[in-house]
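Residue-level structure breakdown
If you want the building blocks of each chain, they are given just below.
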Amino acid sequence: MMMGVTQLSDIFSGLTSQDPAPAPASDYLDRLNPEQRLAIETTEGPLLILAGAGTGKTRVLTTRFAHILLTGRARPNQILAVTFTNKAAREMRERVGALLGTPPEGLWLGTFHAICARMLRRHAEYVGLRQNFTILDTDDQIRLLKQIMEPYRIDTKRWPPQGLLGVIQRWKDRGLTPARITPAEDTDYAGNGIARRIYGEYQDRLVALNACDFGDLMLHMLEILRTQPDVLAQYHRYFRYILVDEYQDTNTIQHLWLRLLAKRDQGPSNIACVGDDDQSIYSWRGAEVENILRFEHDYPGAKIVRLERNYRSTEQILAAAAGLIAHNDGRLGKTLRSGREDATGERVQVIGVWDSDEEARIVAGAIEQLRADGHPLSEIAILMRAGFQTRPFEERLMTLGLPYRVVGGLRFYERAEIRDAMAYMRVLAQPADDLAFERIINVPRRGVGTAALQKLYVQARALGVPLSAAVAHQLETNAIKGKAREALRELMDVFDHARDRLSSDGHVVVVERMLEDSQYLAMWRNDKSPEAPGRLDNIRELIRALTDFGSLAGFLEHVSLVMDAEDNSGNDKISLMTLHGAKGLEFDTVFLPGWEEGVFPSQRTMDEGGNKGLEEERRLAYVGLTRARKRAIILHAANRRIYANWQSAIPSRFIEEIPSEHVEHRGQAMTERRQLANAPSVFTAGPIHARAASRNEPRIPRVTDVLPKPSTNIPLGARVFHQKFGYGVVIGVDDDRLAINFEKAGEKRVMAGFVELAS
DNA sequence: ACCATGAGGATTTTT
DNA sequence: TCCTCATGGT
């Protein structure tokens, strides 16, 4: 690789000097398989790259990018490359840079939203915004929406503002401006027609505030491209090649946006989309799998390349995952083959446990053992359906002193203190940012309550000025009295002074002083709660991050688009995260707890989404399994506490859907008798590296061998006893699942193995 | 203006 | 169960 780098960078510099010379044969294509090569070298015309899990998708994408540059087909700023996450964009930028030998400048490489933001800054006037518009966060959106909803007297118990924001967002995801909403579309919220009207007002308010929300970045740009032919033509001239990552997750508006940019009057659409319909797990956020299924229809003459050689997982894991996903209909169909020569590997282990505590104990115990065998903790992940499921695991890992990190919990920029500090900075940069000003006007307490704020709003509207100007005005006219008066005077002085010194002292110093002088930092210093010091640390970190940027505006733009903070704790830690959060990652060992009906697949998804919902859950399961390189361990508990009450649970149907020859059931027999003291270790049966384990060793008997054949033992109408629910009568039998009417607990469905016949 | 109490709700969330 | 909110009392 290193040798190639110098060579390639020379070619690259030749390229940038407007002198595209054909690149001499280079080694960057050498270690690719034929399909990957095809995906890279098919540069002209529409191309869909169906890339299964672990088939080298990122590599293909980055190499293709570099290939287009190195063969002189385009200059760096003539390629549009879109990703979904900042992380993916960052990685792509780095890897393209590594291939070229120089960090490329002026690339149109970023998330959909970041690229739209960049475009929109150029054309803001077409939608009534100024070039320096602000981008709102969710808190701001809700606050604004509440204000607008106020006069409508909507019962916010039944119709929370969040719900309306959801409706609006879904409209935006589909590219629908208020004018494009038909009455038939507007039936989901409160009275018919209400949502549409508020949406319109909301959009107007945003323009008045010189602001837009996240969805607007795309919505405005789509509208501009739709209505301004010369703008569209400009981008057609720009973008000779388009690359799209995670195409299965694009929503309607992104699809429309891409199509506008890709379809030109003359010449082919050089758009290459990489995706995997089996990993589409964001339909609830507006993603349309249909986009990938209809690619050939959208782009006639499209070529399709399938990447099916998996370089990540063992054959056992691949086969298990393939068997599972085969239960979905309407797939484009891929067969993952192992591209590795080593091991067939261990089977996927399935462990039945009594409850979530035992589940956590077993997982933590297995991890201890792995660690004792020298496995790095950073190669271990526990992936769950929902965020709150991390809790028992955190507790257990904490007790055992095993270091872990929860990925994607409360994110850095979502913390209250960070949002506050950001609001201060926004007011500093833009005094007219009412939503930011409103956030901090009474933080710390300055004696400005809802009543005072109301007055200020009335005044601001009447004078047609921003909130902060209304404050200044009321200070002069002595309309503000009492404690609030001095406090607000001070606050306004802090902002004025800070603004004066911005150019001379530099933004970092000024921001620091502002947070100090406004008493904001003092507020946390005086706070006696245990989390206060941590909050101060976070603010310190925020100020440190500020030093990476040349200007305050640049920093604010970055933060509003890139809501994730660099994770610099690259230590050896176990990763706990949701299945959604794990997409795109891989680990040697993956624990998959909570595989129970109702939990995973989630009851709610099935209720709301029916069979489509179930299929998406199944894809989520597929994503989970395919994160594992060497080992996947599925767990299911017989009893789970949902909020306050215990519920008996039956194993997820997904477990049965994995072909049995790739599964090994463990531990259930022990658990059933609640012999928790000597809970079985996951790895006791054999060595971990384990060809041996799956081939020669006598295996722990399958659950079906151990458990009594329930349907024969427990007939309909039998009186039975259950550890948790006590006595009951069997009212239904379905193989080894029983429906039981318990005297105390009511009707439940339980595994036959967990009840015994009462005399 | 601020605090205390109770009802109600509770996935997934790349941007 | 536990956290967030809206409401009413001081």
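Residues numbered from 1 in each chain as written. Chains lettered and ligands numbered in written order. Predicted model: local features only at pLDDT ≥ 70, side-chain atom pairs only at ≥ 80, totals over all residues. Heavy atoms only, no water.

The name that an unreviewed UniProt entry assigns to chain A is DNA 3'-5' helicase, with the source organism given as Tanticharoenia sakaeratensis NBRC 103193. Looking at the Function (unreviewed entry) heading of the UniProt record, one finds this comment for chain A: "Has both ATPase and helicase activities. Unwinds DNA duplexes with 3' to 5' polarity with respect to the bound strand and initiates unwinding most effectively when a single-stranded region is present. Involved in the post-incision events of nucleotide excision repair and methyl-directed mismatch repair." Under the UniProt heading Sequence similarities (unreviewed entry), the note attached to chain A is "Belongs to the helicase family. UvrD subfamily." (UniProt positions renumbered as here; feature names shortened; annotations may be inferred.)

1. Quick notes on the protein's contact with DNA strand B
Around DNA strand B sit 29 residues, and of these Phe214, Arg285, Arg385, Arg411 and Arg604 come closest. A distance of 2.9 Å separates a phosphate oxygen of DNA strand B from a polar atom in the side chain of Asn86. In this structure, Thr450 approaches DNA strand B through a main-chain N or O atom, which is 3.3 Å from a phosphate oxygen. At 3 residues, the largest contribution of residues to the surface near DNA strand B is made by helix α27 (residues 603–626). (Near = heavy atom within 4 Å. Polar contact = N/O pair within 3.5 Å; in protein donor to acceptor, adjacent residues only side chain to side chain. Helix = DSSP H or I, 4+ residues; strand = E, 2+ residues; numbered from the N terminus.)

2. Some points on the domain arrangement of chain A
You can read the domains of chain A as domain 1 (34–121 + 220–307), domain 2 (134–209), domain 3 (337–403 + 569–675), domain 4 (413–562) and domain 5 (718–757). Taking only C-alpha atoms into account, the centre of domain 2 sits 27 Å from that of domain 4. Listed per partner, the contact involves 12 residues of domain 2 and 13 residues of domain 4. Joining domain 2 to domain 4, the criterion identifies 4 salt bridges. Ionic pairing is found between Asp139 and Arg439, a salt bridge with its closest N-O pair at 3.1 Å. Linking domain 2 with domain 4 are 7 residue pairs in polar contact (both at pLDDT 80 or more), by the criterion used here. Among the elements of the structure, β4 (134–135) and α6 (138–149) are those that each provide at least two residues to the side of domain 2 that touches domain 4. (Domains from an automatic or database assignment. Contact = heavy atoms within 4.5 Å. Salt bridge = Lys/Arg side-chain N within 4 Å of Asp/Glu carboxyl O.)

3. Some details on the sheet that holds strand β2 (residues 79–83)
Strand order in the open sheet formed by 6 strands is β3-β2-β6-β7-β1-β8, and the pairing between neighbours is parallel. Sheet topology places β3 (108–111) and β8 (303–307) at the edges, where each strand pairs with a single neighbour. Here the strands of the sheet are splayed against their neighbours by 15° on average, with no regard to which way each runs. Pairing geometry for β2 and β3, over 4 bridges, is parallel. What sits directly across from Val82, in β3, is Gly110. Helix-sheet contacts for helix α4 (residues 86–100) involve β2, β3 and β6 (241–244), and the interaxial angle to β3 is about 150°. (Pairing = 2+ DSSP bridges. Axes fitted to C-alpha atoms, helices over the stretch in contact; angles between N-to-C directions.)

4. Re the nonpolar core
Core analysis: the largest hydrophobic core is formed by 71 residues, its most contacted members being Trp257, Leu258 and Leu261. Among the elements that line this core, the one with the most residues is helix α9 (residues 214–227), at 7 residues. In this view, Leu261 contacts Leu80, Met119, Leu225, Leu232, Tyr235, His236, Phe239 and Ile242; residues no more than four positions away in its chain are not counted. Core analysis: the second largest hydrophobic core is formed by 51 residues, Ile440, Val448, Met492 and Val510 among them. (Core = buried A, V, L, I, M, F, W, Y, C linked by side-chain atoms within 4.5 Å. Buried < 20%, exposed > 50% of the residue type's maximum accessible area, 1.4 Å probe, protein only.)

5. Comments concerning the pairing of strand β15 (residues 587–592)
Counting buried residues in β15 gives 6 out of 6 residues, a clear majority hidden from the surface. Pairing analysis gives 3 bridges linking strand β12 (residues 380–384) to β15, with the strands arranged parallel. Paired with Ile380 across the two strands is Thr589, which belongs to β15.

6. Let's talk about the environment of Ser551
Note on placement: Ser551 falls in the loop between α24 (532–546) and α25 (552–561). A C-alpha to C-alpha distance of 9.7 Å links Ser551 and Ser503, two positions 48 residues apart in sequence.

7. Points about helix α21 (residues 482–505)
The terminal C-alpha atoms of α21 lie 34 Å apart, and with 24 residues this matches the ideal 34 Å at 1.5 Å per residue to within 8%. Maximal helix bending in α21 amounts to about 30°, located at Arg499. Among the residues making up α21, those that are buried are Ala484, Leu488, Leu491, Met492, Val494, Phe495 and Ala498. Looking at the packing, one finds that the buried side of α21 touches α17 (416–429), α18 (434–440), α20 (467–476) and α22 (507–517). Downstream of α21 by one or two residues, Gly506 has phi in the positive range, about 90°. (Expected span 1.5 Å × (residues − 1). Bend = angle between axes of the 7 residues up to and from the residue.)

8. A word on the pattern of salt bridges
Oppositely charged side chains can form a pair if their charged atoms are brought close together. One pass over the structure, following the stated rule, counts 52 salt bridges. Residue Glu557 is joined to Arg121 by a salt bridge in which the shortest nitrogen-to-oxygen separation is 2.3 Å. One end of the pair, Glu557, is in helix α25; the other, Arg121, is in helix α5 (residues 112–123), and 436 residues separate them in sequence. You can call Arg121 buried: its relative accessible area is 18%. Two residues, Glu359 and Arg640, come together in a salt bridge whose shortest N-O distance is 3.0 Å. One end of the pair, Glu359, is in helix α15 (residues 356–372); the other, Arg640, is in strand β16 (residues 628–642), with 281 residues separating them in the sequence. Shared partners join several salt bridges into a network, and the residues in it are Arg312, Glu379, Glu586, Asp588, Arg629 and Lys630.

9. A closer look at the UniProt feature "binding site: ATP" (unreviewed entry) in chain A
When the UniProt feature table is mapped onto this chain, "binding site: ATP" (unreviewed entry) is found at Ala51, Gly52, Ala53, Gly54, Thr55, Gly56, Lys57 and Thr58. Take Gly52: it is sitting in the loop between β1 (47–51) and α3 (57–70). Residue classification places Gly52 among the buried residues on the basis of a relative accessible area of 4%. Each residue touching Gly52, except ones within four places of it in the same chain, is listed here: Asp276, Gln279, Leu307, Lys334 and Leu336. Take Ala53: its relative accessible area is 1%, and that puts it in the buried class.

10. A word on the packing of aromatic side chains
The final tally for this structure, using the stated rule, is 20 aromatic pairs. Geometrically, the ring pair formed by Phe112 and Trp257 is edge-to-face, given 5.7 Å between the ring centres and 65° between the ring planes. Taken together, the residues Phe112 in helix α5 and Trp257 in helix α11 (residues 252–262) connect sequence positions 145 residues apart. The pair formed by Phe112 and Trp257 is uniform in burial state, with each residue classed as buried. Each member of the aromatic cluster is reached from another via a ring pair, and the members are Trp108, Tyr235, Tyr238 and Phe239. For Arg118, the ring lying beneath its charged end belongs to Trp108, and the centroid distance is 3.6 Å. In this structure, Arg121 is placed above the aromatic ring of Phe133, and the distance from its NZ or CZ to the ring centre is 4.0 Å. (Phe/Tyr/Trp six-rings, centres within 6.5 Å; stacked < 30°, edge-to-face > 60°. Lys NZ or Arg CZ within 6 Å of the ring centre and 35° of its normal.)

11. Some words on the side chain of Asp249
Along the chain, Asp249 falls in the loop between β6 and α11. Within the structure, the side chain of Asp249 is placed 3.4 Å from the side chain of Gln248, a separation counted as a polar contact. If sequence neighbours within four positions are ignored, Asp249 has contacts with Phe84, Gln254, Gln279, Ser280, Ile281, Tyr282, Ala287 and Lys583.

12. Focus: the packing of α17 against α24
How two helices sit against one another is set out by the angle between their axes and by the gap between those axes. Between α17 and α24, the shortest axis-to-axis distance is 9 Å and the interhelical angle comes to 45°. Considering the angle they form, α17 stands oblique to α24. Crossing angle aside, the handedness with which α17 passes α24 is right-handed. Within the contact between the two elements, α17 uses Ala416, Glu417, Ile418, Ala421, Met422 and Met425 and α24 uses Arg535, Asn538, Ile539, Leu542 and Leu546. Residues of the contact of α17 with α24, tallied by class, amount to 8 nonpolar, 1 polar and 2 charged. (Parallel < 35°, antiparallel > 145°, perpendicular 65-115°, else oblique. Left-handed = near helix turned anticlockwise from the far one by under 90°. Nonpolar A, V, L, I, M, F, W, Y, C, P; charged D, E, K, R; others polar.)

13. Quick word on the environment of Asp204
Within the fold, Asp204 resides in helix α8 (residues 194–208). Sequence spacing of Asp204 and Gly128 is 76 residues, and the spatial spacing of their C-alpha atoms is 9.6 Å.

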